[in-house]
Amino acid sequence: LALLSFGGAVAATLWIIGRSGVDPAAALRYLPAHAHLFALTAYGLDLLARSVRVSLVARGLHIPLTLATSIKAQLAGEAAAAITPARVGADPAKIAVLRLDGAPIGSCGALLIAEMAAESAILLLSALIVLLGPWDAWIALGLAGYAVVVSSAGVAAFFASRASESDPPRVWRWLRLGAARWEGLRRTTREFRLDTMRLRRISPSRAAAILLATCVHIAARVSVLALLVIPLTASGSVSLPPDGLQEILLRPFFVLYATALLPPPGGGGGVELVFAALLGGLLPQAALASTLVWWRFYTFYLGATLGALLMVSPGAYRRRTGRPDDTESSQETTGSFS
């Protein structure tokens, strides 16, 4: 399924490049070197801000977690999200890496709930600003839709964790998973709920720092296309309308979050087609073809590739020495979740 979906993305990209009349090799060389440097810096800032956000939450909950492990978790999540439908593999991959420092699986789940909450809060605020400003309302709809879906998933996970407090369901007994595994699941879900409720006791200053890190992450991610286009406008290769720079920022904002809800892994070509439809009226065909390829690289393929290299590297999931370990039953439950 992932291969078919990526095939659709490649086909859509080649179709857009072909329609522009630009040779694919020329499209790759169209942007100046400093445009790539700007975009790469934005990606690095985005990755660092997301990692700092998780580290801030972990410190607030007194969960053992290093910044290096948090960075690895973000990369692993990008890789798993890229090859699973509707990005469902991102959170399990993050949890697998976050546990390297000895953080229990339930606590890792609470970290991801905090990450979702901060992301949704900033996106809803951004949607409100767009609605109140002189911009198209459909941009706000995409941001709010993504925030609602992500928040709903987090709330559903919290309430679904209560199911383990009852006796094992019939399907559990039918699969012969055993009482010990059910008890391990019960302890893990209880830990998840307790740490999630503890999020309310995070200090206001730490909460503000978490929201600030989220703002930096979103701003860096949204600015990638503008950082690719601005060097072209500075050299005179591209001429934007008076409000063109605003649109170069806002339209990819919609594309990034609205198309993240597409079911196929990597979007199946939908991201590329939406990008071309929304930006086609702002950018010349040659610039559109080139920025599409490189915007997609810096916002999707780069992180997925780095994460894949991390996940297949020897010792990628080796635990740190001297860290507290989970109980045997919790390890068994984690293996079942994996």
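Worth saying up front: this structure is predicted, and the values here are computed from it rather than measured. Numbers given to residues run from 1 along each chain, matching the order in which its sequence is written. Per-residue local features of the predicted model are confined to residues with pLDDT of at least 70, and side-chain atom pairs are confined, for both listing and counting, to 80 or more; whole-chain, interface and lining totals are unaffected and use all residues. The basis for every side-chain value is the complete set of heavy atoms in the structure, and neither hydrogens nor water enter the calculation.

Q: Provide a residue-level description of the environment of Leu3, including the pertinent values.
A: Strands are runs of DSSP state E lasting at least two residues, helices are runs of H or I lasting at least four, and both sets are numbered from the N terminus onward. Checked against the element boundaries, Leu3 lands in helix H1 (residues 2-20). For every residue, the accessible area obtained with a 1.4 Å probe (protein chains only) is divided by the maximum for its type, and the residue is called buried under 20%, exposed over 50%, and partly exposed between those limits. Judged by relative accessible area, which is 77%, Leu3 ranks as exposed. For the pair Leu3 and Ile83, spaced 80 residues apart in the sequence, the C-alpha separation amounts to 8.3 Å.

Q: Could you give an account of the packing of helix H6 (residues 105-132) against helix H12 (residues 244-258), with specific residues and numbers?
A: The description of two helices packed together rests on the angle between their axes and the distance between the axes. Fitting a line to C-alpha atoms yields each axis, with helices limited to the stretch in contact; the angle taken between N-to-C directions then spans 0 to 180 degrees. One way to put it is that H6 packs onto H12 with a least axis distance of 13 Å and a crossing angle of 140°. Considering the angle they form, H6 stands oblique to H12. Two packed elements cross with a definite hand, and for H6 against H12 that hand is left-handed. Of the residues in H12, those touching H6 at Glu119, Leu123, Ser126 and Val130 are Leu250, Phe253 and Tyr257. For this classification, the nonpolar set comprises Ala, Val, Leu, Ile, Met, Phe, Trp, Tyr, Cys and Pro, the charged set comprises Asp, Glu, Lys and Arg, and every other residue, Gly included, is treated as polar. Per-class residue counts for the contact of H6 with H12 are five nonpolar, one polar and one charged. Reported orientations rely on four angle classes, namely roughly parallel under 35 degrees, roughly antiparallel over 145, roughly perpendicular from 65 to 115, and oblique for the rest. Two helices that cross are described as forming a left-handed crossing if the nearer one is turned anticlockwise from the farther one by less than a right angle, and a right-handed crossing if clockwise. In this description, contact between two residues means that some pair of their heavy atoms is separated by no more than 4.5 Å.

Q: Please give an account of unusual backbone geometry that cites residues and values.
A: A positive phi angle, near 60°, is found at His62, a position not held by glycine. When you line up the elements, His62 lands in the loop between helix H3 (33-60) and helix H4 (67-82). With a phi angle near 55°, Ala86 is a residue other than glycine that sits in the positive phi range.

Q: Give a description of the packing of aromatic side chains that names residues and reports values.
A: Aromatic pairing here means that ring centres of Phe, Tyr or Trp (its six-membered ring) are within 6.5 Å. Orientation follows from the plane angle: under 30 degrees is stacked, over 60 is edge-to-face, and everything else is tilted. All chains considered together, the criterion is met by 10 aromatic pairs. Between Trp138 and Phe254, the ring centres sit 5.0 Å apart and the planes meet at 90°, which makes this aromatic pair edge-to-face. With Trp138 in helix H7 (residues 137-160) and Phe254 in helix H12, this residue pair connects regions lying 116 residues apart in the sequence. On the accessibility criterion, Trp138 (30% relative accessible area) is partly exposed. Phe254 gets classed as buried once you look at its relative accessible area, which sits at 17%. Residues Tyr146 and Tyr257 carry aromatic rings whose centres are separated by 5.1 Å and whose planes lie at 65° to one another, so their mutual orientation is edge-to-face. Taken together, the residues Tyr146 in helix H7 and Tyr257 in helix H12 connect sequence positions 111 residues apart. With respect to class, Tyr146 is no different from Tyr257; both count as buried. The rings of Phe6, Phe300 and Tyr301 are connected pair by pair, giving a single aromatic cluster. Note on geometry: a ring has a charge over it if NZ (lysine) or CZ (arginine) is within 6 Å of the ring centre and within 35 degrees of the ring normal. Of note, Arg296 hangs over the ring of Phe300, and the distance from its end group to the ring centre comes to 4.3 Å.

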